[in-house]
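Inside the fold
The lines below spell out each chain.
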Amino acid sequence: MIYGPGIVNEPRQIDTMVSQADILPTLLHLIHYPHPYRLLGRNTINDPSGFASRVINDHILWVEPGILYIEDLNQSYTAYQYDSIHRQPYQKLSPQDPR
């Protein structure tokens, strides 16, 4: 949630998936930062694609609309398809599934 009187003129809700890495690029867009920058995240106001990821040691979790991917590096991986990330069970995808 961002509150910025004089900066955010038209309140709106953005329903795309975001990550903590997206906060700084979004804030830089809102203040019209004039210099180029290279950051891991994205400006969530202008970029409608959404994903989130989390890496802890050798455990990776990648979430994007409709797909959940879990991997333990050099051990196992599983991909799931979902309608709502908050509603299980998820449908397990086969390793050959092109999605």
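Note: the structure precedes this text.
Everything in this summary refers to the structure shown in the same document. Computed from a prediction, not measured in an experiment: that's the story for all the values here.

This part takes up the packing of aromatic side chains. With the rule as written, the count across this model stands at four aromatic pairs. Through a chain of ring-to-ring contacts, the aromatic side chains of Tyr80, Tyr82 and Tyr90 assemble into a single cluster.

The topology assignment puts Ser94 in the segment after β5 (91-93). With a relative accessible area of 39%, Ser94 lands in the partly exposed category. Separated by 17 residues in sequence, Ser94 and Tyr77 have C-alpha atoms that sit 11 Å apart.

Turning next to the environment of Gln91. Secondary-structure assignment places Gln91 in strand β5. As a C-alpha pair, Gln91 and Ser53 span 38 residues in sequence and 20 Å in three-dimensional space. Excluding its chain neighbours within four sequence positions, the residues that come into contact with Gln91 are Ala79, Tyr80 and Gln81.

The rules we used
Residues numbered from 1 in each chain as written. Predicted model: local features only at pLDDT ≥ 70, side-chain atom pairs only at ≥ 80, totals over all residues. Heavy atoms only, no water. Phe/Tyr/Trp six-rings, centres within 6.5 Å; stacked < 30°, edge-to-face > 60°. Helix = DSSP H or I, 4+ residues; strand = E, 2+ residues; numbered from the N terminus. Buried < 20%, exposed > 50% of the residue type's maximum accessible area, 1.4 Å probe, protein only. Contact = heavy atoms within 4.5 Å.

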